[in-house]
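The residues making up each chain are set out below.
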Amino acid sequence: MPPTLSRHSAFLVALATLLAVGCNRQKPVKVVTEKAQRRNLTETVTGSGKLQPVVQVKISSEVAGEIIELPVKEGQSVRKGDLLVRVKPDLYAAALRSQEASLKSAEADLLTAEANARKAEAELKRNVDLFSRQLISGSLFDEVRTGAEVARASAIASAQRVEMARAGLKRSQEDLARTTIFSPIDGTVSKLNSELGERVSGTGMMAGTEIMTVADLGEMEARVEVGEIDVVLIRPGFKARLDVDSFKDRKFEGRVTQVARSAKTAAVGTQQESTKFEVRIRMADKGIFLPGMSVTADIETRYRTNVVTVPIQSVTTRLPGSKAGDAGKPDGKPAAGAEEEKSQIEFLAGKKARDTVKPIEVVFVKEADKARMLPVKRGISDDSHYEITEGVAEGQEIITGNFKAVSKDLDDGATVEIEEPKKAKASKP
């Protein structure tokens, strides 16, 4: 072979080798990093709901009739004992007079029955003496004795009728008194449902027409709904920070006063079924809120001081021993990435097949130009950081982004480089 051709062949072989090496060289993954730092964490549970007065009374009618007096308006302040509403009392006044007459009649009947009983007793005593001397027959004596017993029973029955008449009179008095309703508390008429001249209904046995609501607006509470997973972390006395939609630029403070022990379940039997528990939070600020205002509460549940933390977005999951770069292998085996995604989906869906390997939580640490995968155990979290109880030391350079790199592209030993910040585009003149 000529020397020129031999050198040309060697050059082609070397060039092919360099190209092969270049093609196999891993392209660096662009990442963003942040140092693991110590900080104080406060875990919060978020719930949303409405503001309501701590004390509010729904005023309902206990009698039926026409409203003839309604001296209050919605939003008006009232004092305990102030007149709120009066229902036409004519029928109840007439019923009261009827019961008074019935009582007097029953008392008169009682006097008559007692007099007859005394007369019968006296007659019985005389006949006892005559019967002992055998001056009257036995049948006549039995008749006199029976008459005395009947007279005593009649007197007892008359006494019971008097008690019935008195009870009826008392009920009529109460019915007449119920035609006038006074405020049970100091507060504000927060809601007025009825107008002067309207008819209302009601009895002493069941709730009648709801006429109005009187509430103490000086003491308000947020009634928010919290999921069943988070409610077990909440206790009365916990602090809360609240956002009220009507006051966009202000934060309010409060404390948990009550945690419901029974759940509210919505959309039962559907995919949207949810179980919530009501939590009540007493507002520290007074006199500025109205019932029904929308509120979002962040309830402080757990605290940690001076703990190692990493950004939330830096914690991801991987199958033990998997590599994200294994996808598309020519050996026909399922790609590790696909297996990992399948396992994660099954894990989130609650499937616990015997042959399913659970993903583990990891973070990626930048060491020189390589990414090192570290399994971690996390504790509580706030809005932006996780507490790391095991696996990461303070000061390590944690890879926090981009999202695609952390969640999918990175694997243990991958080549990485810091992503340059994007320059802002110059605006055209």
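Within every chain, residues take consecutive numbers counted from 1 along the sequence as written. Reporting in this predicted model follows two pLDDT cut-offs: at least 70 for local features of residues, and 80 or more for side-chain atom pairs to be given and counted; totals over whole chains, interfaces and linings ignore these cut-offs and use all residues. To get the side-chain values, take all heavy atoms of the structure and skip hydrogens and water.

Asks: Tell me about the overall build of the protein chain, and please be specific about residues and values.
Replies: When helices and strands are counted, the protein chain shows five helices and 23 strands. Each residue's exposure class comes from its accessible area (1.4 Å probe, protein chains only) as a fraction of the maximum for that residue type: buried when under 20%, exposed when over 50%, partly exposed otherwise. Split into buried and exposed, the 429 residues of the protein chain put 32% on the buried side. Here the contacts in the protein chain between residues at least 6 apart in sequence split such that 76% fall between residues at least 24 apart. Areas reported as accessible are Shrake-Rupley estimates using a 1.4 Å probe. Residue values count occlusion only from the protein chains shown. Accessible area of the protein chain: about 27000 Å², with a carbon and sulfur share of 53%. Numbering of helices and strands starts at the N terminus; helices are DSSP runs of H or I of at least 4 residues and strands are runs of E of at least 2. Any pair of residues with heavy atoms lying within 4.5 Å of one another is described as a contacting pair.

Asks: Can you tell me about unusual backbone geometry, naming the residues and giving the values?
Replies: In the segment running from Gly 401 into Asn 402, the intervening peptide bond is cis, with an omega of 0 degrees. With a phi close to 55 degrees, Ala 267 is a non-glycine residue in the positive phi region. The phi dihedral of Asn 306 falls on the positive side, at around 55 degrees, and the residue is not glycine. Note on placement: Asn 306 falls in strand 16 (residues 294-311).

Asks: Any chance you could break down the nonpolar core for me, citing the residues and the numbers?
Replies: Residues belong to one nonpolar core when they are buried, are Ala, Val, Leu, Ile, Met, Phe, Trp, Tyr or Cys, and are joined through side-chain atoms within 4.5 Å. Counting residues in hydrophobic clusters, the biggest one holds 25 residues, and the most contacted among them are Leu 51, Leu 242, Val 279, Ile 281 and Met 283. Of all the secondary-structure elements, those providing two or more residues to this core are strand 2 (37-53), strand 11 (220-227), strand 12 (239-244), strand 13 (252-259), strand 15 (274-283) and strand 16. Excluding residues that lie within four positions of it along the chain, Ile 281 makes contacts with Met 220, Glu 221, Ala 222, Val 224, Ala 240, Leu 242, Gly 254, Arg 255, Val 256, Thr 257, Ala 297 and Ile 299. Within the second largest apolar cluster, 18 residues are counted, among which are Val 72, Ile 185, Ile 211 and Met 212.

Asks: Would you mind going over the pairing of strand 12 in detail, with residue names and values included?
Replies: For a regular strand, the rule is simple: side chains alternate between the two faces of the sheet. Here strand 12 shows one buried face, formed by Ala 240, Leu 242 and Val 244, and one open face, formed by Lys 239, Arg 241 and Asp 243. Of the pairings in the sheet, the one linking strand 12 to strand 16 comprises five bridges and is antiparallel in character. Counterpart to Asp 243 in the pairing with strand 16 is Thr 296. Strands qualify as paired when DSSP identifies two bridges or more between them.

Asks: Go over the side chain of Glu 278, please, and point to the residues and values.
Replies: Here Glu 278 shows up in strand 15. By relative accessible area, Glu 278 is classed as buried at 19%. Whenever a nitrogen or oxygen atom comes within 3.5 Å of another N or O atom, the pair is scored as a polar contact, on the condition that within protein one atom can donate a hydrogen and the other can accept it, and that pairs from neighbouring residues in sequence are kept only if both atoms are in side chains. Polar side-chain contacts of Glu 278 include one of 3.3 Å to the side chain of Lys 264. Among residues more than four places away in sequence, those in contact with Glu 278 are Arg 223, Val 224, Gln 258, Val 259, Ala 260 and Lys 264.

Asks: Pulling in residues and values, what's your account of the pattern of salt bridges?
Replies: One side-chain nitrogen of Lys or Arg within 4 Å of one carboxyl oxygen of Asp or Glu is enough to make a salt bridge. Tallied over the entire structure, the rule returns 24 salt bridges. In this structure, the salt-bridge partner of Arg 38 is Glu 394, at a minimum N-O distance of 3.0 Å. Remark: Glu 394 occurs in the loop between strand 21 (385-390) and strand 22 (397-401) and Arg 38 occurs in strand 2; sequence separation between them is 356 residues. Classification of Glu 394 by relative accessible area gives exposed; the value is 51%. Between Arg 282 and Glu 219 there is a salt bridge; the shortest N-O distance is 3.6 Å. Note that Arg 282 is positioned in strand 15 and Glu 219 in the loop between strand 10 (210-215) and strand 11, a separation of 63 residues in sequence. When salt bridges that share partners are traced, they join Glu 221, Arg 223, Lys 264, Glu 278 and Arg 280 into one network.

Asks: Please give an account of the layout of surface pockets that cites residues and values.
Replies: Left-over empty space is what a probe sized like a water molecule reveals as it rolls over the atoms. The rule is simple: put a 1 Å grid over the protein atoms alone, call a set of points where a 1.4 Å probe fits but cannot get out a cavity, call an open set with protein on both sides within 12 Å along at least five of seven lines a pocket, and count a residue as lining if it has an atom within 4 Å of a point. Grid points are joined across faces, edges and corners, and a volume is the space filled by probe spheres set on the points. Considering only enclosed or pocket space, the second largest pocket measures out at about 150 Å³ in volume. Glu 62, Val 63, Tyr 92, Arg 171, Glu 174, Asp 175, Arg 178, Gly 202, Thr 203, Gly 204 and Met 205 are the residues that line the second largest pocket. If you tally residues by element for the lining of the second largest pocket, the top one is helix 3 (residues 138-178), at four residues. Three classes are used: nonpolar for Ala, Val, Leu, Ile, Met, Phe, Trp, Tyr, Cys and Pro, charged for Asp, Glu, Lys and Arg, and polar for all others, with Gly counted as polar. Broken down by class, the residue content of the lining of the second largest pocket amounts to three nonpolar, three polar and five charged.

Asks: Give a description of helix 3 that names residues and reports values.
Replies: Taking 1.5 Å per residue as the helical rise, helix 3 with its 41 residues ought to reach 60 Å, and the 60 Å between its terminal C-alpha atoms agrees with that figure. Regarding helix 3, the residues found buried are Phe 141, Val 144, Ala 148, Ala 151, Ala 155, Ser 158, Val 162, Ala 165, Gly 168, Leu 169, Ser 172 and Asp 175. Here the expected length of a helix is defined as 1.5 Å per residue gap, with one fewer gap than residues.

Asks: Before we move on, can you summarise the sheet that holds strand 4 (residues 65-69) with the specific residues and values?
Replies: As summarised here, the arrangement of the four strands in space is 7-6-4-9, forming an open sheet in which the pairing is antiparallel. Lying at the two open borders of the sheet, with one neighbouring strand each, are strand 7 (180-182) and strand 9 (199-200). Sheet topology places strand 4 next to strand 9; two bridges connect them, and they run antiparallel. Counted as the bridge partner of Glu 66 is Arg 199 from strand 9.

Asks: Lay out the side chain of Thr 400 with the relevant residues and their values.
Replies: Note on placement: Thr 400 falls in strand 22. Each residue touching Thr 400, except ones within four places of it in the same chain, is listed here: Val 32, Thr 33, Glu 34, Pro 311, Gln 313, Ser 314 and Val 406.

Asks: Give a detailed account of the sheet that holds strand 3 (residues 56-60), specifying residues and quantitative values.
Replies: Taken in spatial order, the four strands make up an open sheet running 3-10-8-5, and their pairing is antiparallel. A single partner strand is all that each edge strand has here, and the edge strands are strand 3 and strand 5 (77-78). When strand 8 (residues 187-192) meets strand 10, the two strands line up antiparallel, connected through four bridges. Bridge pairing in strand 10 places Lys 191 opposite Thr 213.

By themselves these figures say nothing about function.
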